[in-house]
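# Summary of structural features
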Amino acid sequence: MRARPDTLEENILALFNRACRQGRWDVAEHLLCALEAAGDEGDGCELPCVRSPLADAYLSIASRHSKQ
C-alpha cells in the first residue's frame, strides 16, 4: 500500500500526474505552474541532485514526450 502524499508539493504532483493520465493538459499546465511557484519557497539548502516534486513533474513530461 502506497503512503499518501503529505506535503503540498507532493499533493500537487499527484494531481499533475492524474491530469496528465486523463489528458487534461490545461489543468496539468496550471499544476506545473503551482509546483514551480512552490519550489520558489524552498529554503535554499536542498542539493541540486535531490529529487523534488517539481523535478519529478519535469521527468514525467520528458518520459511522456519520449514515448510519443
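This section reports on the structure supplied with the text.

## Focus on the environment of Asn17
Here Asn17 is to be found in helix H1 (residues 8-21). Through-space distance from the C-alpha of Asn17 to that of Ile61 is 9.4 Å; in sequence the pair is 44 residues apart.

## What to know about the nonpolar core
Among the nonpolar cores identified, the biggest contains 10 residues, and these are Ile12, Leu13, Phe16, Ala19, Cys20, Ala28, Leu31, Leu32, Leu35 and Ala57. Those elements that place two or more of their residues in this core are H1 and helix H2 (25-39). Considering each element in turn, this core owes the most residues, five residues, to H1. Not counting chain neighbours up to four residues away, the residues in contact with Leu31 comprise Ile12, Leu15, Phe16 and Ala19.

## Quick notes on the side chain of Ser60
With respect to the helices and strands, Ser60 occurs in helix H3 (residues 53-67). At a separation of 3.5 Å, a polar atom in the side chain of Ser60 contacts the side chain of Asn17. Other than its neighbours up to four places away in sequence, Ser60 contacts Phe16 and Asn17.

So, how was this worked out
Residues numbered from 1 in each chain as written. Predicted model: local features only at pLDDT ≥ 70, side-chain atom pairs only at ≥ 80, totals over all residues. Heavy atoms only, no water. Helix = DSSP H or I, 4+ residues; strand = E, 2+ residues; numbered from the N terminus. Core = buried A, V, L, I, M, F, W, Y, C linked by side-chain atoms within 4.5 Å. Buried < 20%, exposed > 50% of the residue type's maximum accessible area, 1.4 Å probe, protein only. Contact = heavy atoms within 4.5 Å. Polar contact = N/O pair within 3.5 Å; in protein donor to acceptor, adjacent residues only side chain to side chain.

Read these as geometric descriptors, not functional statements.
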